[in-house]
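Structural description and commentary
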Amino acid sequence: MEINNVQVCNVCLSPSDDGEKRVYVKALCGGEEVLICTSCIPRVIHESGELVKSNAEVKATLGL
Ligand SMILES: [Zn+2]
């Protein structure tokens, strides 16, 4: 998801502003748009969509 123009992975919560070059893929989960970083994409594909947090869960985890 995007918080203040910072992309945050809905699986591992890695932010786009930590200095590392990361690609985020936009996807839909539970009817909402989510972002998944490329290192998490294979996990979601091979394991389960259960790994993807809802935007509300991401915000709660980040204490927002
Ligand atoms: Zn990730």
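See the structure printed just above.
Criteria and cut-off values
- Residues numbered from 1 in each chain as written.
- Predicted model: local features only at pLDDT ≥ 70, side-chain atom pairs only at ≥ 80, totals over all residues.
- Helix = DSSP H or I, 4+ residues; strand = E, 2+ residues; numbered from the N terminus.
- Rg over C-alpha atoms; globule rule 2.2 N^0.38 Å.
- Pairing = 2+ DSSP bridges.
- Buried ≥ 20, exposed ≤ 12 C-beta atoms within 10 Å, placed from the backbone.
- Contact = placed C-beta atoms within 7 Å.

Further remarks concern the overall build of the protein. Within the protein, the regular secondary structure consists of two helices and four strands. Along its sequence from the N terminus, the protein presents helices and strands in the succession β-β-β-β-α-α. Taking 11 Å as the expected radius of gyration for a compact globule of 64 residues, we find that the protein reaches 11 Å, a close match to that expectation. Along the first, second and third principal axes, the C-alpha atoms of the protein reach 30 × 25 × 15 Å.

Side-chain direction in a regular strand flips from residue to residue, so the side chains alternate between the two faces of the sheet. Relative to strand β4 (residues 32-37), strand β3 (residues 24-29) runs antiparallel, the two being bridged by six bridges. Across the sheet, the residue bridging to Y24 is C37, located in β4. Where β3 folds back onto β4 in an antiparallel hairpin, the turn is made up of two residues, including G30, whose phi is positive at roughly 60°.

Further remarks concern unusual backbone geometry. Working note: non-glycine residues mostly have negative phi, and peptide bonds are mostly trans. At N5, a position not held by glycine, the phi torsion is positive, near 65°. Mapped onto the elements of the fold, N5 is located in the loop between β1 (2-3) and β2 (6-7). The exposed category is assigned to N5, around which 7 C-beta atoms lie within 10 Å. The backbone phi angle of L13 is positive, close to 65°, even though this residue is not glycine. If you trace the backbone, L13 turns up in the loop between β2 and β3. Take L13: there are 15 C-beta atoms within 10 Å of it, and that puts it in the partly exposed class.

As for its placement among the helices and strands, C40 is situated in the loop between β4 and α1 (41-46). With 22 C-beta atoms packed within 10 Å, C40 lands in the buried category. With residues near it in sequence (within four places) discarded, C40 still touches C9, V11 and C12.

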